[in-house]
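Take a look at the letters that make up each chain.
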Amino acid sequence: STISTLYGTGDGSTTFNIPNCFGRTIVGSNASYALGVYITGTPTLDSIANCRISSISTPVGAPAQYSVIYLNGSVPTNTVIFNNVISNGYWGIYWYTGNSGAHTEGTSILNNQFTNQYYYGMQTQYTDGLYFNKNVITTNSTGNFYGVYFYWNTVSTRTSQFMNNKITSSTYGY
């Protein structure tokens, strides 16, 4: 994986060798696939930190390809998404391995601001040891909005945590 190779692997629990992209913005702006960050393969100890990441605003019925951070079919281990501003898109984070037999492990999503996603702040499926803590999710969506949707998580001995998050919506469904 590029970040781990470029910045070092860290030890996966106390050091992650996170590059600083403070002051930079990553924008997914393609009309067909407006992904801000697309995670593929089997990365280990990768991090996305201190970034502003955005996708285009989307209409009703938009697919997951309008996600700000997108994972589908990959199985990363010990990924850290920390202290980012995640704006617009249909999903803020779409995190799906696509396989009930291959779960991601040790994903930490900490201290992020999710703003103005249309349908989901975050959706995750088939994830073990997920830490989703101290995130703020707000939207001005006028349709049904789901701040966080967890499906089929934690089937191993790794415990997941969902703590100290704030979800605000002008409608119902979170």
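Just above sits the structure.
Residues numbered from 1 in each chain as written. Predicted model: local features only at pLDDT ≥ 70, side-chain atom pairs only at ≥ 80, totals over all residues. Heavy atoms only, no water.

K.L.:
So what exactly am I meant to see when it comes to unusual backbone geometry here?
P.N.:
With the exception of glycine, the majority of residues adopt a negative phi angle, and the majority of peptide bonds are in the trans configuration. Phi at N111 is positive, roughly 55 degrees, even though this residue is not glycine. By the element assignment, N111 lies in the loop between strand 10 (108–110) and strand 11 (113–115). Even without glycine at this site, N116 takes up a positive phi of about 60 degrees. Within the secondary structure layout, N116 lies in the loop between strand 11 and strand 12 (120–125). (Helix = DSSP H or I, 4+ residues; strand = E, 2+ residues; numbered from the N terminus.)

K.L.:
Teacher, can you tell me more about the side chain of S55 here?
P.N.:
Counting through the fold element by element, S55 comes out in strand 4 (residues 52–55). The exposure class of S55 is buried, given its relative accessible area of 4%. Here A34 takes part through its backbone oxygen, which lies 2.5 Å from a polar atom of the side chain of S55. Leaving out residues up to four positions away in the same chain, S55 has contacts with G28, A34, Y66, S67, V68, S87, N88 and G89. (Buried < 20%, exposed > 50% of the residue type's maximum accessible area, 1.4 Å probe, protein only. Polar contact = N/O pair within 3.5 Å; in protein donor to acceptor, adjacent residues only side chain to side chain. Contact = heavy atoms within 4.5 Å.)

K.L.:
Just checking my understanding: could you explain the sheet that holds strand 5 (residues 67–72) for this structure?
P.N.:
Within a sheet, neighbouring strands are paired by backbone hydrogen bonds and run either parallel or antiparallel to one another. With parallel pairing, 5 strands are arranged side by side in an open sheet as 2-5-8-12-16. Strand pairing shows two members of the sheet lacking a second neighbour, strand 2 (37–39) and strand 16 (146–151), which therefore form its edges. Put simply, the sheet's adjacent strands are angled 5 degrees from each other on average, direction ignored. In this sheet, strand 12 lies alongside strand 8 (residues 91–96) in parallel orientation, the contact comprising 5 bridges. Considered in strand 12, the bridge of W91 is made with Y120. (Pairing = 2+ DSSP bridges. Axes fitted to C-alpha atoms, helices over the stretch in contact; angles between N-to-C directions.)

K.L.:
Can you help me understand a nonpolar patch on the surface in this one?
P.N.:
Side chains of Y149, Y151 and W152 sit close together on the surface and give an oily, nonpolar patch of about 300 Å² of accessible area. Along the chain, Y151 falls in strand 16. (Patch = residues over 30% accessible without salt bridge, like charges linked within 9 Å, V, L, I, M, F, W, Y side chains within 5 Å. Areas by Shrake-Rupley, 256 points an atom, 1.4 Å probe, with all protein chains shown as cover. Salt bridge = Lys/Arg side-chain N within 4 Å of Asp/Glu carboxyl O.)

K.L.:
When you look at the packing of aromatic side chains in this model, what are you seeing that I'm missing?
P.N.:
Taken as a whole and judged by the stated rule, the model has 20 aromatic pairs. Here Y90 and Y118 contribute two aromatic rings whose centre-to-centre distance is 5.6 Å and whose plane-to-plane angle is 20 degrees, an arrangement assigned as stacked. With Y90 in the loop between strand 7 (85–87) and strand 8 and Y118 in the loop between strand 11 and strand 12, this residue pair connects regions lying 28 residues apart in the sequence. Judged by its relative accessible area of 8%, Y90 is buried. Each ring, one from F132 and one from F162, has its centre 5.5 Å from the other, and the planes form 5 degrees; the classification is stacked. Taken as a pair, F132 in strand 14 (residues 131–133) and F162 in strand 17 (residues 161–163) lie far apart in primary sequence, 30 residues in all. (Phe/Tyr/Trp six-rings, centres within 6.5 Å; stacked < 30°, edge-to-face > 60°.)

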